[in-house]
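Chain residues, written in single-letter form:
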Amino acid sequence: MIAPLRALATRWTTAVPVVAVLLLVLTWGRDLPGGLVALVTLVLAASVLAAVHHAEVVAHRVGEPFGSLVLAVAVTVIEVALIVTLMIDGGDQSATLARDTVFAAVMITVNGILGISLLVGSLRHGTAVFNSEGTGAALATVATLATLSLVLPTFTTSKPGPEFSTVQLTFAAVSSLVLYGLFVATQTVRHRDYFLPVVRQGETAKPEEHAPAPSTRTAMISLGLLGLALIGVVGLAKGVSPTIESGVEAAGLGHSVVGVIIALLVLLPETIAAVRAARRNQVQTSMNLALGSAMASIGLTIPAVALASLWLTGPLVLGLGNTHMVLLALTMVVGALTVVPGRATPLQGGVHLVLLAAYLELAINP
């Protein structure tokens with residue numbers, strides 16, 4: 001009975017990414033009627049599930065923390081390509097697109113993905129246990145990247161408004177790449193043990209012996225299908241964005257809500273993968289996904305938009321407003337208090353989820 005179910009799962013997770021990319025090619029740049037929007041949304045949801053499946057196959061083959069790094073970087077690279085494309089096409093209206101998208105990604109990952117993972121892990125296993133050294137290093141890097149890229153532009157005076165000058169933007173871009181590169185080297189080479197799942201403080205979890213690792217060929221196929229699935233997720237999310245924009249405008253909500261909705265859709269694969277890891281008592285993997293995604297979002301987006309600004313004529317607004325800076329500061333303080341003990345109860349997960357709810361509420365009702 002189990003073998004046929006596995007064969008069925010393999011078939012649909014192989015077919016869905018291909019169907020998603022074909023549908024994306026057929027619908028790209030076109031106004032979609034209501035019925036087609038429903039079909040695109042259905043394929044989008046299936047692509048999210050397929051992406052999670054293939055990410056877990058790759059993660060099982062390469063092991064942690066490489067597995068979570070693959071998913072985080074793959075999602076972010078495609079997301080960055082989408083942001084730059086929209087900036088090129090959007091003119092002055094896209095001046096705040098990079099800022100809004102990056103900040104939404106930080107709040108969703110650091111509060112949403114991290115919070116729900118802690119909540120699920122602690123409710124299921126009594127206490128969510130993780131490695132405070134690795135998680136603390138990741139949070140410190142996210143805090144530094146967010147401050148340099150999103151807070152400082154509000155206070156600089158070289159250009160009017162919350163913008164960087166060319167020299168300042170170059171420094172922010174280079175710093176982002178350097179910090180992200182240093183973190184990846186720390187996570188995967190010098191101190192890999194800081195990012196491995198733990199069952200008790202200081203004790204690394206043993207690999208599951210009943211689940212043999214897939215072959216290299218299977219992992220490579222899943223890696224390719226993961227890329228297709230993520231292209232489908234991001235591209236189809238862009239396709240349904242006009243419908244989302246119309247609904248947001250009809251509801252009288254701010255335009256920034258559109259970016260939040262798109263970010264939620266794009267980050268669904270990482271969210272599902274993180275929750276599954278937390279259910280298996282591998283909360284460290286969930287933390288790697290959450291903080292690694294936030295870090296990649298800043299560390300890759302800022303250099304990309306800095307490069308794009310060479311040929312873009314409109315302004316590039318990166319500085320956050322007062323309300324968002326308060327939320328960012330509170331998120332980092334609460335995150336530090338969560339990380340230091342190396343274990344968490346449902347309370348810590350609930351606090352982070354409340355912070356996410358506050359961000360979403362203020363996006364809807366600023």
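**Remarks on the overall build of the chain**
Then step 1. For the chain, the helix and strand inventory stands at 12 helices and four strands.
Then step 2. Per-residue burial for the chain yields a buried fraction of 48% across its 366 residues.
Then step 3. Of all intrachain contacts in the chain linking residues separated by at least 6 positions in sequence, the fraction that spans at least 24 positions is 83%.
Then step 4. When the accessible surface of the chain is split by element, carbon and sulfur atoms take 67% of a total near 16,500 Å².

**Thoughts on helix H5 (residues 132–151)**
Then step 1. Of all the residues in H5, the buried ones are Gly134, Thr135, Ala138, Leu139, Thr141, Val142, Leu145, Ala146, Ser149, Leu150 and Val151.
Then step 2. Put simply, Asn131 is the residue that caps the front of H5, since its side-chain oxygen is 3.1 Å from the backbone nitrogen of Glu133.

**Things to note about the pattern of salt bridges**
Then step 1. Summed over all chains, the structure comprises two salt bridges.
Then step 2. Ionic pairing is found between Arg99 and Asp100, a salt bridge with its closest N-O pair at 3.2 Å.
Then step 3. According to the relative accessible area criterion, Arg99 is buried, its value standing at 16%.
Then step 4. Residue Asp100 is classed as partly exposed on the basis of its relative accessible area of 22%.
Then step 5. The residue Lys159 makes a salt bridge to Glu163 at a minimum N-O spacing of 3.4 Å.
Then step 6. Given the relative accessible area of 34%, Lys159 is considered partly exposed.

**Points about the packing of aromatic side chains**
In this description, an aromatic ring pair is defined by two values, namely the gap between the centres and the angle between the planes.
Then step 1. Following the criterion strictly, the structure yields two aromatic pairs and no others.
Then step 2. Ring geometry for Phe103 versus Tyr359: centroids 5.5 Å apart, planes at 80°, classification edge-to-face. Pair noted here: Phe103 is in helix H4 (residues 97–125) and Tyr359 is in helix H12 (residues 346–364), with a separation of 256 residues, a long-range link. The same class applies to Phe103 as to Tyr359, namely buried.
Then step 3. With a centroid separation of 5.5 Å and 85° between ring planes, the pair formed by Phe183 and Phe195 is classed as edge-to-face. Of the two residues, Phe183 sits in helix H6 (residues 166–190) while Phe195 sits in the loop between H6 and strand E2 (198–200), which places them 12 residues apart along the sequence. With respect to burial, Phe183 and Phe195 carry one shared label: buried.

**Description of the packing of H6 against helix H10 (residues 283–308)**
When two helices pack together, their arrangement is given by the angle between their axes and by how far apart the axes lie.
Then step 1. Running from amino to carboxyl end, H6 crosses H10 at an angle of 145°, the nearest separation of the two axes being 8 Å. When the axes of H6 and H10 are compared, the crossing they make is left-handed. In this structure, H6 uses Leu169, Ala172, Ala173, Ser176, Leu177, Tyr180, Phe183 and Gln187 to contact H10, whose residues at the interface are Asn288, Met295, Ala296, Ile298, Gly299, Leu300, Ile302, Pro303 and Ala306.
Then step 2. When its residues are assigned to classes, the contact of H6 with H10 shows 13 nonpolar, four polar and no charged.

**What to know about unusual backbone geometry**
Then step 1. Phi angles above zero are rare outside glycine, and Asn281 is one such case at about 65°.
Then step 2. When you line up the elements, Asn281 lands in the loop between helix H9 (268–279) and H10.

**Regarding the environment of Leu22**
Then step 1. Positionally, Leu22 belongs in helix H1 (residues 2–27).
Then step 2. Along the primary structure Leu22 and Gly232 are separated by 210 residues, whereas in three dimensions their C-alpha atoms are 8.7 Å apart.

**Observations regarding the environment of Gly335**
Then step 1. Positionally, Gly335 belongs in helix H11 (residues 322–339).
Then step 2. Judged by relative accessible area, which is 4%, Gly335 ranks as buried.
Then step 3. Sequence separation between Gly335 and Val110 is 225 residues, and the spatial gap between their C-alpha atoms is 7.8 Å.
Then step 4. Contact partners of Gly335, with chain neighbours within four places excluded, come to Leu139 and His352.

**Section: the nonpolar core**
Then step 1. Residues Leu118, Leu328 and Tyr359 are the most contacted members of the largest nonpolar core, which totals 60 residues.
Then step 2. With residues up to four places along the chain from it excluded, the contact list for Leu328 reads Phe103, Val106, Ala146, Val151 and Leu320.
Then step 3. In this structure, Ala229, Leu230, Ala237 and Ile262 belong to the second largest nonpolar core, which totals 13 residues.

**Observations concerning the packing of H5 against H6**
Then step 1. At a minimum axis distance of 10 Å, the contact between H5 and H6 shows a crossing angle of 175°. Classified by the interaxial angle, the pair formed by H5 and H6 is roughly antiparallel. On H6, the residues that touch Ala137, Ala138, Thr141, Thr144, Leu145, Leu148 and Ser149 of H5 are Ser175, Ser176, Leu179 and Phe183.

**Looking at the confidence of the model for the chain**
Then step 1. Of all residues in the chain, 86% have pLDDT values of 70 or greater, and the mean over the chain is 81.
Then step 2. Here strand E3 (residues 203–204) is the element of the chain with the lowest mean pLDDT, 53, and H11 is the one with the highest, 95.
Then step 3. Confidence over residues 1–5 falls short of pLDDT 50; this stretch has zero contacts with residues more than four positions distant or in other chains.

Rules and cut-offs
Residues numbered from 1 in each chain as written. Predicted model: local features only at pLDDT ≥ 70, side-chain atom pairs only at ≥ 80, totals over all residues. Heavy atoms only, no water. Helix = DSSP H or I, 4+ residues; strand = E, 2+ residues; numbered from the N terminus. Buried < 20%, exposed > 50% of the residue type's maximum accessible area, 1.4 Å probe, protein only. Contact = heavy atoms within 4.5 Å. Areas by Shrake-Rupley, 256 points an atom, 1.4 Å probe, with all protein chains shown as cover. Polar contact = N/O pair within 3.5 Å; in protein donor to acceptor, adjacent residues only side chain to side chain. Salt bridge = Lys/Arg side-chain N within 4 Å of Asp/Glu carboxyl O. Phe/Tyr/Trp six-rings, centres within 6.5 Å; stacked < 30°, edge-to-face > 60°. Axes fitted to C-alpha atoms, helices over the stretch in contact; angles between N-to-C directions. Left-handed = near helix turned anticlockwise from the far one by under 90°. Nonpolar A, V, L, I, M, F, W, Y, C, P; charged D, E, K, R; others polar. Core = buried A, V, L, I, M, F, W, Y, C linked by side-chain atoms within 4.5 Å. Parallel < 35°, antiparallel > 145°, perpendicular 65-115°, else oblique. pLDDT = per-residue confidence, 0-100.

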